[in-house]
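Notes for the structure review
Single-letter residue listing:
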Amino acid sequence: MTPTNGFNSDSQSLRDAQAHIEKSLKVDLLGATHVENNAAMRKQISRSFISDTVTTPSPEMLEYALKASLGDDVYSADTCVSALETHIASLTGKEAGLFMASGTMSNQIGIRTHLTQPPYNVLLDYRAHIYAHEAGGLAANSNAQAIPIRPSNNHHLTLEDVKENIVLSEDVHMCPTRIIALENTLAGTIFPQDEIIRISSWAKENGIIMHLDGARIWHAAYQTGLSLKELCDPFDSVSLCFSKGLGAPIGSLLVGKASFILKARHFRKMMGGGMRQVGFAAASAGFSLNENYPLLGQTHVLAKKLEDGLKAIGADILIPTETNMVFYGKQGVLFSEIKERLANLPEPIQQNGSRIVVHFQNTPQAIEDFLVTVRTLVEEKKKLGLVADDYSAPTKVSSMYGKT
């Protein structure tokens, strides 16, 4: 036999080496207490207000995912993925869709697919996820400059904000705007559809591309009653996330024209986003549409209860509570003090900073315990004369919004 790296292919030495490698590769990722650990995690998440991405897959979702198709999606051979792409494209009124691992990926690939040769810039809200929370992806992936705008009404961008900041000049000293990227919902607030239409109509007249980060568009649809098609019609491309609010463990979808999605598929592969037997993830996303979307209303109700309770304590509400997020400040105690007190409860609560995000696995008891804890802490401080006159919320985007 021909020796291979010093071993004869049928030698005992090679068989011993193979057995050693096989043994070294073995690992137990579950452990003996995985059932108890998962139960504890579900309880912990029911008392977490960090983000709506922390939701855990239900046993029913996991059971549904086990029945998913087993094709290779890089070769477009997974029927569950293809069906989900077709379904979301149809719902949004677009020609085609592309399943991806995350909302950041579907945003970044969407932007990159639209843009060809620099120089160009992307105009967006200064709080936008694409600008503030995607690790500098506009510059790294698309060589694009960002024009972040602070809305003049402190709620949403208007056409007047856009006109004041957009670069239409082809002057060689300037970097022209090629994309206007909006986000709905943003910080839990709903972008008025009539203003989106105003901006889109003007953008189209001036040859500007419209992209929507619709990671939480489900909340806008639920609260306004507008269909996904109505919400997405003004845009050339839309990113929709299944793990923010809907409870899927992974997945986002980019929709647009068929030619656009074909090119996006190339960029997905280039950026390492091609996924193989990923039908289980698409099935989880489908389950979230069927079973979890109807639960969004209860998150809005609980968020309103939080808002009302914080107002009663004396806190300022920094941004209107329109869906599932509450932003508060000036409550008389430091956020770090609130965080520590919540963490030391018999049944701890996770919350950080001025942003509270409610998800469908939160319990009413967790809401009540949060309010009681903050109220008690404020009262203790007042009795000791330690309540400061002004504990304002953070002003930096990164510290105000936390992890998304």
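Each value, and the rule that gives it
- Residues numbered from 1 in each chain as written.
- Predicted model: local features only at pLDDT ≥ 70, side-chain atom pairs only at ≥ 80, totals over all residues.
- Heavy atoms only, no water.
- Disulfide = S-S within 2.5 Å.
- Buried < 20%, exposed > 50% of the residue type's maximum accessible area, 1.4 Å probe, protein only.
- Pairing = 2+ DSSP bridges.
- Helix = DSSP H or I, 4+ residues; strand = E, 2+ residues; numbered from the N terminus.
- Axes fitted to C-alpha atoms, helices over the stretch in contact; angles between N-to-C directions.
- Contact = heavy atoms within 4.5 Å.
- Core = buried A, V, L, I, M, F, W, Y, C linked by side-chain atoms within 4.5 Å.
- Parallel < 35°, antiparallel > 145°, perpendicular 65-115°, else oblique.
- Left-handed = near helix turned anticlockwise from the far one by under 90°.
- Nonpolar A, V, L, I, M, F, W, Y, C, P; charged D, E, K, R; others polar.

Re the state of the cysteines
Taken as a whole, this structure holds 0 disulfides when the rule is applied. For Cys 232, which is in no disulfide, the shortest distance to another cysteine sulfur is to Cys 241 and amounts to 14 Å. Classification of Cys 232 as buried rests on a relative accessible area of 0%.

Re the sheet that holds strand S9 (residues 325–329)
Across the sheet, which stays open at both edges, the 3 strands sit in the order S8-S9-S10 with antiparallel pairing between neighbours. If you trace the sheet from one side to the other, it starts and ends with strand S8 (316–319) and strand S10 (355–357), each paired once. Strand-to-strand, the axes of this sheet are offset by a mean angle of 40°, without reference to chain direction. Here S8 runs beside S9; their pairing, made up of 3 bridges, is antiparallel. Residue pairing for S9: Ile 317 is matched across the bridge by Tyr 328. Sheet strands in contact with helix H14 (residues 296–313) are S8, S9 and S10, and its direction is about 15° off that of S9.

A word on the sheet that holds strand S7 (residues 252–256)
By definition, the strands of a sheet pair up through backbone hydrogen bonds, in either a parallel or an antiparallel sense. Spatially, 7 strands are ordered S1-S7-S6-S5-S4-S2-S3 in an open sheet, and the strand pairing comes out mixed. On the outer flanks of this sheet lie strand S1 (96–100) and strand S3 (145–149), each paired with one strand and no other. Taking the axes of each pair of neighbouring strands and ignoring which way they run, one obtains an average angle of 20° across the sheet. Where strand S2 (residues 121–125) and strand S4 (residues 177–183) come together, 4 bridges link them in parallel fashion. Paired with Asn 121 across the strands is Thr 177, a residue of S4. The sheet contacts of helix H4 (residues 79–92) involve S1, strand S6 (237–241) and S7, and relative to S1 the element is tilted by about 130°.

A few points about the nonpolar core
Within the largest apolar cluster, 46 residues are counted, with the highest numbers of intra-cluster contacts made by Leu 84, Ile 88, Phe 99, Ile 180, Leu 182, Trp 218 and Phe 242. The next biggest cluster of nonpolar side chains, apart from the first, holds 23 residues, and it includes Leu 302, Leu 310, Leu 342 and Val 374.

Some points on the packing of H4 against helix H13 (residues 279–292)
Orientation of H4 relative to H13, taken along the N-to-C sense of each, is 40°, at an axis distance of 8 Å. Considered as vectors, H4 and H13 are oriented oblique to each other. At the point where H4 passes H13, the crossing takes the left-handed sense. Contacts between H4 and H13 involve Cys 80, Val 81, Leu 84, His 87 and Ile 88 from the former and Gly 279, Ala 282, Ala 285, Gly 286 and Leu 289 from the latter. Here the residues of the contact of H4 with H13 are counted per class, giving 7 nonpolar, 3 polar and no charged.

Purely geometric stuff here, so don't read any function into it on its own.
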